Amino acid sequence: MTYNSKELEKKWQEYWAKNRSFEPSEDFTKEKKYILSMFPFPSGRLHMGHVRNYTISDAFARYYRQEGFNVLHPIGFDSFGMPAENAAIKNGSHPKKWTYDNIDYMKGEFKSLGFSFSKERELATSDELYTKFEQGFIIDMYEKGLLYRKKGFLNWCPSCHTVLANEQVIDGSCWRCDSSVVKKDMNQYYFKITQYGDELLADLSKLESGWPKQVLTMQENWIGKSNGLEFKLSFDERSLKKLSDKFDAFSVFTTRADTIYGVSYAALAPEHEIVTYMIENSLLNDETIKIIKEMKNASSIERQKEKSGVALNLDVIHPLTKKSIPIWVANFVLMDYGSGAVMAVPAHDERDFDFAKKYDLPIKAVIKPFGGESNNDSAFTEVGELFDSELFNGLNSKDAQAKIIEYFEDKKLGKKTTNYKLKDWGVSRQRYWGAPIPFVHCDDCGIVMEKKENLPIALPEDIVITGEGNPLENHPTFKQCKCPKCGKDATRETDTMDTFVESSWYFLRFCASPKNWENEPFSKEQLKYWMGVDHYIGGIEHAILHLLYARFFTKVFRDLGYLEFDEPFDKLLTQGMVLKDGAKMSKSKGNTVDPDAIIEKYGADTARLFILFAAPPTQELEWNDSAVEGAFKFIKRFYERSVYALKSDTIPKINHASLSKEEKFARKKVYEALVRANEVYREKYTFNTMIAGVMEAMNALNLQNNSDVWSEAYWILASIMEPVIPHVCSEISSQKFSLKNLSTHVVLEEVFVEESLMLGVTINGKRRCEIEVSMDATQEEILEVARESASKWLEGKTIIKEIVVPKKLVNLVIKD
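Residues numbered from 1 in each chain as written. Predicted model: local features only at pLDDT ≥ 70, side-chain atom pairs only at ≥ 80, totals over all residues. Heavy atoms only, no water.

### Considering the environment of Asn 102
For clarity, the cut-off: Secondary structure counts use DSSP, requiring at least four H or I residues in a row for a helix and at least two E residues in a row for a strand, with both numbered from the N terminus. Residue contacts follow a heavy-atom distance rule, with two residues in contact if any of their heavy atoms lie within 4.5 Å.
When you line up the elements, Asn 102 lands in helix 4 (residues 95-112). Apart from the residues lying within four places of it in its own chain, the contact partners of Asn 102 are Pro 42, Ser 43 and Gly 44.

Structure representation (structure tokens):
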């Protein structure tokens, strides 16, 4: 038998397609497994990161099919997004054509790699049917009060010409193009994700057994729940007059109520409404206004680096001491957290301390080390003892927090409040290639939802994309419509939705049967059977954005009555990156590997084997050309040595007791590989150790020539390797076993029963040789064999002590 990857792989890919081998059953009485990889953006070609992701999920799917489960293993395309528009500008092609041409090409790549995806549930999020259902959800969310529109300072990418959510700003830059993000004042639609902040945080505990701790921690930190005191700082008479009584106070939030007596200044965000009012009413000089505008245009990350500020020449009154506190604008204060205003305690906060030192502001200590004294050389941020704090002197600062909050509430000065770093999710995007937001602007009725019977609101295809602004805004007819409420002329919303909306529910859409695919997004019955996703595989980079949004949508859909569960993904596997020459593969670095080239040279099974053997899935994988060659050689040997197996529709019955030592050892290694495979697929996911076990079994098989042992071995090994190298294993299983071996296997304990054991022999503590003795050998029999085997080291010596350590070694102590 000569291994020809091209012929084998073409044959089996055609077989699987013809026989609908990967379509899930409609029989909901069967036990199910829902295996899902995070779907790709159709950029045109798969990269090795994709190959790794889908090879892992495919291994799970194929294994559970063999185990008799009803397996849903779908694939789709996250096909809306700015790259399609950028390609349209660069190549002069329409985003839709570019997108769907790429989808067709990538589908061919999926097929060539032997991925066992359901063909009948494929989707692209840019399909009009997908948009129709999504727009219906958006209308329901609006009616529920979970979607609203307001004006505010938003993250704006000047390169992509669109708004970004907070989560899409990475270190001050656009998550997609890496351009520096600026702030822009404009209208935006928001999902009220903060309404679910407590539940999103609390339900992380439900995921502890199935999700990596790192991901749970990242989500917990992003939600950023903190309890503290909220109170108002009221302006003095002079400041009230300066502001023409437009404002009498502003709110601040602090988690450090114990430091309240140390407040020496307060700071507002540059975007705060009081600052805006002062600028608009010429209450600040030109230089101050210039500095404030520079702060606004800096990214939130830049604003945390070098601290800067300007005084507003306003004062507020301390609520307890009644002393005046100066007001500043500071770049480190953000509107995203709390009220956009902070009380500053430089003696007990490092950031406030640095700012106070820079601008020579007062520093008032009110907490000191237990048994020690305070100093103003640095901020004291540890737990200590309160002083200069009136009623609270002498208290432990930790205990004082609750007591001071209680005092504020008793005196009606403030209240205990919970705050979140998590902010409502801004979903408006000023781009063409996205799902239109299904709203209409009417002069009489305001913002009105489109009627569901008019959905989908589809994108016009006769557009010109220049890269400047939103093409929908400039389209001659798209905006023209009638108000769904009063019937008068109205204007259609031209913003499209953030593409993370589509990926927040696509896993639910896959649950819809092809029978009702056109009529509804999914049914409760289908969701009840298939959800949650048993294994979800994707990159750690999605820990916050996609995974948090998907959890949010699931809870919203539950409250809208669409489904009856709280969390979408039972188990999450975050695979490591694929590296080459120690760096992440990228075209700019010239270190990419084309999957198509690997398939052409070696075959898909080689690519799959290398991917799963080179490193555990959660770790980084370093590309190694010689290791790819090694994977190919192993598959070739594995295929060609199957000639030693006999044809049979059942596993051979073997009398283990009658076998030679080599035959018994070979059987033992085969069943060890089987045990390891079950552990790997069900619990550990370390495919590399399972494959190593198969290689060990093959080495042991080569030391014997019993046809039944070979046949039993291939019956088992071709089965446990089929999820990894499906084409060659399907061919072997078809030729030798009519595919009957691709099923569950019983582990025979008899092969692990040891008839003898190996013991090391040491003389005066130095290892000299090894002996083999029967399992029931007496101590004297063991010593006799040991003395005989070590005789050359015992000549002319006297044995003064003999020690047998059971099942480990024999130690002989000698002297001349």
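### Quick look at the side chain of Arg 492
Going by this rule: Two N or O atoms count as a polar contact when they lie within 3.5 Å, although within protein this holds only if one can serve as hydrogen donor and the other as acceptor, and sequence-adjacent residues are included solely when both atoms are side-chain atoms.
Position of Arg 492 among the secondary structure elements: in strand 24 (residues 489-492). In terms of polar contacts, Arg 492 uses its side chain to reach the side chain of Glu 450, at 3.1 Å.

### Overview of the packing of aromatic side chains
Operational definition: In this analysis, rings of Phe, Tyr and Trp, with Trp reduced to its six-membered ring, are considered paired at centre separations within 6.5 Å, and the interplanar angle assigns stacked below 30 degrees, edge-to-face beyond 60, and tilted for intermediate values. The buried label applies to any residue whose accessible area, calculated with a 1.4 Å probe on protein chains only, is under 20% of its type's maximum; exposed applies above 50%, and partly exposed to all values in between. The rule is short: NZ of Lys or CZ of Arg within 6 Å of the ring centre and within 35 degrees of the ring normal puts a charge over the ring.
Enumeration over the complete set of coordinates arrives at 65 aromatic pairs. Considering the side-chain rings of Trp 16 and Phe 22, the 5.5 Å spacing of their centres and the 50° angle between planes classify their relative orientation as tilted. Residue Trp 16 shares its accessibility class with Phe 22, and that shared class is buried. Over the aromatic face of Trp 156 sits the side chain of Lys 184, whose NZ or CZ is 4.0 Å from the ring centroid.

### Section: unusual backbone geometry
For the bond from Leu 455 to Pro 456, the omega torsion is 5°, close enough to zero to count as cis. When you line up the elements, Pro 456 lands in the loop between strand 22 (446-449) and helix 13 (471-474). The omega torsion across Met 531 and Gly 532 is -5°, close enough to zero to call that bond cis. Of note, the phi angle at Asp 360 is positive, near 55°, even though the residue is not glycine. For Asp 360, the location among the structural elements is in the loop between helix 11 (350-359) and strand 16 (367-368). Despite not being glycine, Leu 739 shows a phi value in the positive range, around 65°.

### Considerations on the pairing of strand 27 (residues 572-575)
We count it as follows: Being paired, for any two strands, means DSSP has found at least two bridges between them. Seen with its strands pointing away from the viewer, a crossover is right-handed when the path leading from the first strand over the helix to the second is clockwise.
With burial as the criterion, each face of strand 27 is covered, one bearing Leu 572 and Thr 574 and the other bearing Leu 573 and Gln 575. Taken together, the four bridges between strand 26 (residues 535-539) and strand 27 define a ladder with parallel strand orientation. Of the residues in strand 27, the one forming a bridge with Gly 539 is Gln 575. Handedness of the β-α-β unit built from strand 26, helix 16 (residues 545-559) and strand 27 comes out right-handed.

### Let's talk about helix 3 (residues 82-91)
Burial in helix 3 covers these residues: Met 82, Pro 83, Ala 84, Glu 85, Ala 87 and Ala 88. Contacts from the buried residues of helix 3 go to helix 4 and strand 6 (162-164).

### Side note on the packing of helix 20 (residues 661-684) against helix 22 (residues 707-721)
Between two packed helices, what matters for the description is the angle formed by their axes and the separation of those axes. Operational definition: Between N-to-C directions, angles cover 0 to 180 degrees, with each direction set by a line fitted to C-alpha atoms, over the stretch in contact for helices. Roughly parallel means an angle under 35 degrees; roughly antiparallel, over 145; roughly perpendicular, 65 to 115; everything else is oblique. With the far helix as reference, a near helix turned anticlockwise by less than a right angle produces a left-handed crossing, and one turned clockwise produces a right-handed crossing. Three classes are used: nonpolar for Ala, Val, Leu, Ile, Met, Phe, Trp, Tyr, Cys and Pro, charged for Asp, Glu, Lys and Arg, and polar for all others, with Gly counted as polar.
For the pair helix 20 and helix 22, the least separation of the axes is 10 Å and the interaxial angle reads 15°. Considering the angle they form, helix 20 stands roughly parallel to helix 22. Our pair here, helix 20 against helix 22, has a crossing hand that is left-handed. Facing helix 20, whose interface residues are Glu 663, Ala 666, Arg 667, Val 670, Tyr 671, Ala 673, Leu 674, Ala 677 and Tyr 681, helix 22 presents Val 709, Glu 712, Ala 713, Ile 716, Leu 717 and Ile 720. Taken together, the residues of the contact of helix 20 with helix 22 sort by class into 12 nonpolar, no polar and three charged.

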